[in-house]
Amino acid sequence: MATYKESVGTAVTNFAGDKPGVVTGELWYDSSAFAWKYQYPNVTAAGSWKTSASINTGRTDLSGAGIYTSAVIFGGDAGPGRQAVTESFNGTSYTEVNDLNTARRFLGGAGSSNTNALGFGGDTGPRFALTETWNGSNWTEVNDLNTTRTQLAGTGASNTSALAFGGDDGSLRAYTESWNGTNWTEVNDMNTARSLLTGTGVVTSVLAMGGYDGSSRTAKTESWNGTNWTEVNDMNVARTQMASAGVATPSVIAFGAVSPSTDFNALTEIWDGTSWTETSDMNAGRFGMAGMGTTTNALLAGGTVSGPSLSTATEEWTGAGAAIGAWSTGGTMNTAREGLGGASTSRDAALAFGGEAPPYTAATESYNGTNWTEVNDLNANNGFMGSAGIQTAAISMGGQTPGFKTDTETWNGTNWTEVNNLNTAGSQGVGVGTYTSALYVGRHNSVSPQVYGITESWNGTNWTELNDLNTTRRRSGGAGASNTAAIVAGGLDTGSAQDALTELWNGTNWTEVNDLNTARSQLAGAGTSTEGLMFGGSAPSVTAVTEDWNGVSWAETSDLNTARTLLAGNGTYSSTAAFGGETTAATAATEEWSSSSNVVKSLID
């Protein structure tokens, strides 16, 4: 039998704290925590889609070019009405810029960024051979395609190097043309004439797939080597009006479309250079969208979704192999409770206070990554309060015992001190920020209408009422670094319905942004308004769902190990503690989050 050193490559060692330079599977003794610790393996994603920023004009049958942080989309059909609209994407938002010279749909596109693109062919009823080049500011008409056509595919690395193939000029065509920055040149035809196909790559390495061959939708795939087309393995599902991204050799991603089984297909397939494999579906089935990017980072925009309706929605693809976060089990609190407050510097430095055990409690506990230790209590029993701050500098705001409170207390690492009260009593609001720069947002109160969207700002001395949430609610999750930048998500509205709404705070106003994927209340949050997490809650049953916020949209990531609601959590996007809450009864469980999932955990306390 191999020894531990032979298996792992290192001997068991003694080190005070989390040992630097450890390898996956390594065990050591942490003499400062009196615990054995183990380095868990890193977990990687299989690849997934998440919602992204909306485009300004909903449309279908449009084209696009670029990468997922720098793209341009153009043309399309707004039903009715062919479009010349062009929008530029900077990785965060879409901005309308100067239009195409000729409005059209079903056109081909090529290019590398939002400053370098080519649009060609298409139709407004009449078919076009028109070609336009984009320089980041304006479209300029250049030399036409040799063959007028629509419903063609196009690809290329820039506006000086592109390939156009397939399409319809009154009949289905296999024509292929190559663009050198000045002229189009006819080159060898595809093996199968078709329209409504997609393709991606560079002019010397292209993959064409799907489309309509005159009798049916097809799954045929052809590979271009710069000279000839070769038939290769078919897609798993025959379809038309899909989109694609990537470089043909070695990999391509194709997504969406009209298939034999549905008009609004969400299927995604990955090409590995030899064959197609089905992978994670898009969030919404659609066809006629634009596709840009690579197999590791792709972008889709617009299209037709179920309804049918023209979509302004976009999605971003993160490919397989990216490190994803993970929750691991931590130490157990001394007092099981729900509706508690929490503050955290990281997953290894947290503070828990108040809550309902039952009954309501003032108990405060401090966490060192291994054990919870009882410290000085709040001045008064309290639960369902807002909370913010870090382990050594925290704030508790509002709450109930069971009456609704205006109480505010601050923690200096040793004691709680009563400070100036909130202006409006309430519980079940969300707190974000620090103990000198905080917000208390939304709340429940005995006074009609009972649920409020009130925002109060704390400057270290006094509370000031500011602009309300756009949607009145309570029991939301929140995150934020101060009283000038925060995010609030989910909650219960005035009718006690579960909510997925997300709002961003800029110091003056709340703005509605992309919703959570799972509507829920009684959840917890951590991080900032540009990089955050929301986890747990009630949807309406108790859930373990965790979602990751990138400043634009939410993506579901690794769930909590134990589904729970009314929990506390705080910390950073990369290192967070979640503790307490309710499963079927109050719990004392703690979980620790690492955004890289390269988690160090104690095995023996």
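These notes cover the structure that comes with them. (Residues numbered from 1 in each chain as written. Predicted model: local features only at pLDDT ≥ 70, side-chain atom pairs only at ≥ 80, totals over all residues. Heavy atoms only, no water.)

Moving on to the overall build of the protein. Of regular secondary structure, the protein possesses 1 helix and 55 strands. The principal-axis extent of the C-alpha atoms belonging to the protein is close to 80 × 70 × 40 Å. Counting all 605 residues of the protein, 57% fall into the buried class. If you take every contact in the protein between residues at least 6 apart in sequence, the share linking residues at least 24 apart comes to 50%. Here the protein carries 26 positive and 55 negative side-chain charges, and the mean point of each set is 2 Å from the other. (Helix = DSSP H or I, 4+ residues; strand = E, 2+ residues; numbered from the N terminus. Buried < 20%, exposed > 50% of the residue type's maximum accessible area, 1.4 Å probe, protein only. Contact = heavy atoms within 4.5 Å. Lys, Arg positive; Asp, Glu negative; His and termini not counted. Charge placed at Lys NZ, Arg CZ, Asp CG, Glu CD.)

Under the criterion given, the structure shown has 21 aromatic pairs. The interplanar angle of 55° and the centroid separation of 5.4 Å between the aromatic rings of Trp-49 and Trp-317 together place this pair among those described as tilted. Placement of the pair is Trp-49 in strand β4 (residues 48–51) and Trp-317 in strand β30 (residues 314–318), with a sequence separation of 268 residues. Each member of the pair, Trp-49 together with Trp-317, is buried. Between Trp-327 and Phe-535 the ring centres are 5.0 Å apart and the planes differ by 65°, which places this aromatic pair in the edge-to-face class. Separated by 208 residues along the polypeptide, Trp-327 in strand β31 (residues 326–329) and Phe-535 in strand β49 (residues 532–535) bring together distant segments of the chain. Each of the two residues, Trp-327 as well as Phe-535, counts as buried. Among the aromatic residues, those joined into a cluster by ring pairs are Trp-49, Phe-255 and Trp-317. (Phe/Tyr/Trp six-rings, centres within 6.5 Å; stacked < 30°, edge-to-face > 60°.)

Burial of strand β54 (residues 590–594) is extensive: 5 of the 5 residues sit out of reach of the surface. Residues Thr-590, Glu-592 and Ser-594 point to one face of β54 and Glu-591 and Trp-593 to the other, with burial holding for every one of them. In the sheet, β31 pairs with β54 via 4 bridges, with the strands oriented antiparallel. By the bridge assignment for β54, Ala-326 is matched with Ser-594. Pairing analysis gives 5 bridges linking strand β53 (residues 575–579) to β54, with the strands arranged antiparallel. Within β54, the residue paired with Thr-576 across the bridge is Trp-593. (Pairing = 2+ DSSP bridges.)

What follows deals with unusual backbone geometry. Cis geometry marks the peptide bond from Ala-357 to Pro-358; its omega dihedral reads -15°. Looking at the secondary structure, you find Pro-358 in the loop between β33 (349–353) and β34 (364–367). The peptide bond linking Ser-448 to Pro-449 adopts the cis configuration, its omega dihedral lying at 15°. At Gln-450, a position not held by glycine, the phi torsion is positive, near 80°. The backbone of Ser-496 sits at a positive phi, close to 65°, despite the residue not being glycine. In this structure, Ser-496 sits in the loop between β45 (485–492) and β46 (498–505).

This brings us to the sheet that holds strand β41 (residues 438–444). The strand order β40-β41-β42-β43 describes an open sheet built from 4 strands, whose pairing is antiparallel. Here the strands that pair on one side only, and so sit at the sheet edges, are β40 (430–433) and β43 (463–466). Looking at each pair of strands side by side, their axes are set apart by 25° on average, direction ignored. (Axes fitted to C-alpha atoms, helices over the stretch in contact; angles between N-to-C directions.)

Among the 8 residues in β46, 6 count as buried, and that is most of the element. Note: β45 against β46, 6 bridges, orientation antiparallel. Bridge pairing in β46 places Ala-489 opposite Thr-502. A loop of 5 residues connects β45 with β46, the two strands running antiparallel in sequence, and Ser-496 in this loop sits at a positive phi of about 65°. Looking at chain direction, β46 and strand β47 (residues 510–513) are connected through 4 bridges and run antiparallel. If you follow Glu-503 over to β47, its bridge partner there is Glu-512.

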